[in-house]
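# Residue-level structural notes
Residues per chain are reported as follows:
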Amino acid sequence: MDGDAIGLRVHARVNPAAVAHNLGVLRARLGPAPTARIWATVKADAYGHGLHRVLPGLAGADGLAVSQLADAYASRAAGWNGPILVLGGLLDAVEAQGLALPDLHLTVAHPAQLDWLRDTPAGGAPPSIWLRYMGDIGYTGFDDACYRDAYERCSMLARQGRIAGIGHLNHYGRAEQPDGIAQADARFQALIRGLPGPRSCGNSAALLRHPDAARTADWVRPGIALYGVSPLPAVDGPDLGLRPAMSLHSRIVAIRDVAAGERLGYNGTIVAAAPMRVGMVACGYGDGYLRHAPAGTPMLVNGHAAATLGAVTMDLIPVDLTGLPPVPIGAPVVLWGTPGLPVEQVARHMGTIAAELLTSLTPRVPVIPVPAAETDGPGPRPGRSASPPGTPRR
Ligand SMILES: *Cc1c(COP(=O)(O)O)cnc(C)c1O
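Below: a short report on this structure. In this text the structure is predicted, and so the values were computed from the model without any measurement. (Residues numbered from 1 in each chain as written. Predicted model: local features only at pLDDT ≥ 70, side-chain atom pairs only at ≥ 80, totals over all residues. Heavy atoms only, no water.)

### What about the pairing of strand S14 (residues 298-301)?
- Here S14 shows a buried face lined by Pro 298 and Leu 300 and a second buried face lined by Met 299 and Val 301.
- Here four bridges tie S14 to strand S15 (residues 304-308), and the two strands are oriented antiparallel to one another. Counted as the bridge partner of Val 301 is His 304 from S15.
- Between S14 and S15, which pair antiparallel in sequence order, lie two residues; one of them, Asn 302, sits at a positive phi of approximately 55°.
- When S14 meets strand S17 (residues 332-336), the two strands line up antiparallel, connected through two bridges. Bridged to Val 301 within S17 is Val 333. (Buried < 20%, exposed > 50% of the residue type's maximum accessible area, 1.4 Å probe, protein only. Helix = DSSP H or I, 4+ residues; strand = E, 2+ residues; numbered from the N terminus. Pairing = 2+ DSSP bridges.)

### Quick notes on helix H7 (residues 147-159)
- The end-to-end C-alpha distance of H7 is 19 Å, a good match for the 18 Å that 13 residues give at a rise of 1.5 Å each.
- Taken as a whole, H7 has its buried residues at Tyr 147, Ala 150, Tyr 151, Cys 154, Ser 155 and Leu 157. Buried residues of H7, viewed axially, fall in a sector of 160°; they line one side. Residues of H7 that are exposed and angled more than 90 degrees away from the buried face: Asp 149 and Arg 159.
- Among the structural elements, helix H6 (111-118), strand S6 (128-132), strand S7 (165-169) and helix H8 (182-192) are those in contact with the buried residues of H7. (Expected span 1.5 Å × (residues − 1). Arc of directions from axis to C-beta. Contact = heavy atoms within 4.5 Å.)

### Section: the pattern of salt bridges
- The tally for this structure, following the rule as stated, stands at 13 salt bridges.
- Residue Asp 287 pairs with Arg 9 through a salt bridge whose shortest N-O separation is 3.1 Å. Of this pair, Asp 287 sits in the loop between strand S13 (276-281) and S14 while Arg 9 sits in the segment before strand S1 (11-14), placing them 278 residues apart in sequence.
- Under the relative-accessibility criterion, Asp 287 is labelled buried at 0%.
- Classification of Arg 9 by relative accessible area gives partly exposed; the value is 28%.
- Residue Asp 119 is joined to Arg 118 by a salt bridge in which the shortest nitrogen-to-oxygen separation is 3.0 Å.
- Residue classification places Arg 118 among the partly exposed residues on the basis of a relative accessible area of 40%.
- Look at the salt bridges and you will find they share partners, linking Arg 9, Asp 287, Asp 315 and Arg 364 into a network. (Salt bridge = Lys/Arg side-chain N within 4 Å of Asp/Glu carboxyl O.)

### Describing the packing of aromatic side chains
- Scanning the model with the defined rule gives six aromatic pairs in all.
- Taken together, a centroid distance of 4.1 Å and an interplanar angle of 20° make the contact between Trp 39 and Trp 219 stacked. In this pair, Trp 39 is assigned in strand S2 (residues 37-41) and Trp 219 in strand S9 (residues 219-220), connecting sequence segments 180 residues apart.
- A relative accessible area of 6% means that Trp 219 is categorised as buried.
- Here a set of aromatic residues connected by ring pairs shows up, and it is made of Trp 39, Trp 130 and Trp 219. (Phe/Tyr/Trp six-rings, centres within 6.5 Å; stacked < 30°, edge-to-face > 60°.)

### Here's the deal with the environment of Leu 101
- With respect to the helices and strands, Leu 101 occurs in the loop between helix H5 (93-97) and strand S5 (104-108).
- Separated by 40 residues in the primary sequence, Leu 101 and Gly 141 have C-alpha atoms spaced 24 Å apart.
- If we skip the residues at most four places from it in the chain, Leu 101 touches Ala 72, Tyr 73 and Arg 76.

### Here we look at the side chain of Asp 62
- Position of Asp 62 among the secondary structure elements: in the loop between helix H3 (51-54) and strand S3 (63-66).
- Taking the relative accessible area as the measure of exposure, Asp 62 reaches 0% and is therefore buried.
- Side chain to side chain, Asp 62 and Arg 27 meet in a polar contact 2.9 Å long.
- Of the polar contacts made by the side chain of Asp 62, one reaches the backbone nitrogen of Ile 38; its length is 2.7 Å. (Polar contact = N/O pair within 3.5 Å; in protein donor to acceptor, adjacent residues only side chain to side chain.)

### A few points about the pairing of S5
- A large share of S5 lies buried, amounting to five of its five residues.
- Of the two faces of S5, the one lined by Leu 104, Leu 106 and Val 108 and the one lined by His 105 and Thr 107 are each fully buried.
- Where strand S4 (residues 84-86) lies against S5, three bridges are found, and the strand directions are parallel. The residue of S5 that forms the bridge with Ile 84 is Leu 104.
- Bridge count between S5 and S6: four bridges; the pairing is parallel. Bridge assignment links Val 108 to a residue of S6, and that residue is Leu 131.

So, in structure tokens, the structure goes:
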């Protein structure tokens, strides 16, 4: 199948044109003349895709949202010149001292982060800050009792020239539910009533499930859907018009016929109930395929639906080839991430979510960029990808 995959066992393929397409789908959720801007969330190295690989597909985003300050510097180095939001904010006082990144936005989630900003020298290129509301997730941020005091402190820092602007940030805990954001929004809007500053709410699930509410925000922050993955339960990305941006491939490296009653695998975990044909796929937990993937986890062998037998080892996954049309040694295997086998489906079988699979690949898995010629597919062309990487739409 892949001329460029000759000599590789397992490998991933990443397609920035799919990311550009998905960004267009999300932008369209914001209405015909959207006012909300998009922080493209690229934490965990763009959800495991590699920021530098997907950046060409994010040219139409208004900003990048990263996990930590070091990622902001890395994003600039990778060619992103637009705004960058650091979701985790400052980690310590030292980080606050050397801030020298234009168009830097920092989340502030606790009072110590304000102390560190207070102790920075005024002047230079001060960051904008986004006050984080505790919201219904409850992991981090200012709660109802503390938020307005924190805002007052920010206003002081702004008057001193230590910060460039103040925004309000909330993150939903259950936006994938039909009733998932109404209460959270009501509380947040009541809390910030009368306080100036832009408002940022809305992950992928909010944009896809509650677009009318999402488009009232000044900035939204989709992540997982940019990569073609559905955040909604029992719905896969392709059903939403999204295109998978990463797929995991391997090949069959051994085949054998097993008699009824024979045992396979460490400690004989697999027992052949009947005569069967077993293939070995050159991929394992050493590549980031989850070891606990149970028997029955789907994969595509030579384009045919097949199921694993469980008992994943470091380098190999046994797959049931019984009843399939003859499969040669070397036959291509799709482990997940194509329209025919969305990563969501595989994740469901493994009892986890797609984001875990995307971010689990280990460094030994080579990544092959999908050539532009192969990215043509059904659906609207990614109109915004014409501008060079790093050009924000302001
Ligand atoms: C991860 C994250 C997002 C994006 O969420 P998705 O579900 O991937 O769309 C947005 N905001 C914050 C604060 C996040 O941590």
